[in-house]
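Summary of the model geometry
Residue strings, one per chain:
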Amino acid sequence: WSETVENLPASFTYYAIEESINGVSLTDLNAADTKMIDPHYAYSASRVEITNILPICKIVNGGVEIPFTTLRAAVKYAQDNNLTTATIEMMVDYVMPEDDTVSIPAGYDITFTTADKLDSTNYKYVGSGTKATVTRGFTPVNATVINSSTGNQLFTVSGAETKLRFGDIVIDGDKDNQSGGKGSLVYVNSSGNDVPALFIESGATLQNAKSTVTGGGAVYIDHGTVSVLSGGAIKDCDADNGNGGAI
């Protein structure tokens, strides 16, 4: 996220903000070259942009923790590094914007779960609960669109041997505020002999989602498989059109 703050007093010093709020970058919007503000010195300007740069998730690759500020960046890292089987661990509770919806690359096996809250490493889960919640943060863009460049669904899995797994995590549709259209949480689709798969594993919950056109409230499946394993759950999902509230 980013926020522009204007009409600040001339005596306002941004290093004080930087020292009290970790994980933000500050940009002087009045500067001719829109430069970053050095947090170590007092600096004044009447208009400043504050941008979150805290990581939200991580991938552990070869024992090294790699943090990311978006889910798409994490998936891209897996793809760029040929990690055909990868686990993305959430470190915060995350409200997913429409420009961070996720499509699993064809042939990849990607798991979303929660980082260890008691981990002694730098990147652990810091939320208030026991597991991370990823919540829809936008209303579906069009009642008739299944998926678009922004995406009505939060996650899309398609293509041969493509797998999406949810581990110890909650995926929430915020249906009271963000329902509508083909607004399922996950879209499973392919054709022919290509059979993508969604696994809702132990500790995973898909909840609180609603579709008002076609497709299930939690999962919209055209072609592929969905498996709800022991300890996994779909709950409190609706579909106004007579299709399954869950799938």
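Everything below is about the structure shown above.
So, here's what we can say about the structure. Here the structure is a predicted model, which is why all the values come from computation and not from measurement.

The pairing of strands in a sheet happens through backbone hydrogen bonds and is either parallel or antiparallel. Spatial ordering of the open sheet is given by β5-β4-β6-β9-β12-β15-β19, a layout of seven strands whose pairing is mixed. The sheet terminates laterally at β5 (64-68) and β19 (225-228), the two strands that pair on one side only. Going from strand to strand, the sheet's axes swing by 20 degrees on average, the running direction of each strand aside. Contacting β4 (57-61), β5, β6 (85-90) and β9 (109-114), helix α2 (residues 71-80) crosses the sheet at an angle of about 15 degrees to β4.

Once that is clear, we can look at the pattern of salt bridges. The full count for this structure, using the stated rule, is seven salt bridges. In this structure, Asp109 and Arg165 form a salt bridge, with 2.8 Å as the shortest nitrogen-oxygen distance. In this pair, Asp109 is assigned in strand β9 and Arg165 in strand β12 (residues 163-166), connecting sequence segments 56 residues apart. For the pair formed by Asp109 and Arg165, the shared burial category is buried. One salt-bridge network, held together by shared partners, links Asp109, Arg165 and Glu201.

Note that Arg136 resides in strand β10 (residues 132-136). A distance of 3.1 Å separates the side chain of Arg136 from the backbone oxygen of Ser184, its partner in a polar contact.

Reading guide: rules and limits
- Residues numbered from 1 in each chain as written.
- Predicted model: local features only at pLDDT ≥ 70, side-chain atom pairs only at ≥ 80, totals over all residues.
- Heavy atoms only, no water.
- Pairing = 2+ DSSP bridges.
- Helix = DSSP H or I, 4+ residues; strand = E, 2+ residues; numbered from the N terminus.
- Axes fitted to C-alpha atoms, helices over the stretch in contact; angles between N-to-C directions.
- Contact = heavy atoms within 4.5 Å.
- Salt bridge = Lys/Arg side-chain N within 4 Å of Asp/Glu carboxyl O.
- Buried < 20%, exposed > 50% of the residue type's maximum accessible area, 1.4 Å probe, protein only.
- Polar contact = N/O pair within 3.5 Å; in protein donor to acceptor, adjacent residues only side chain to side chain.

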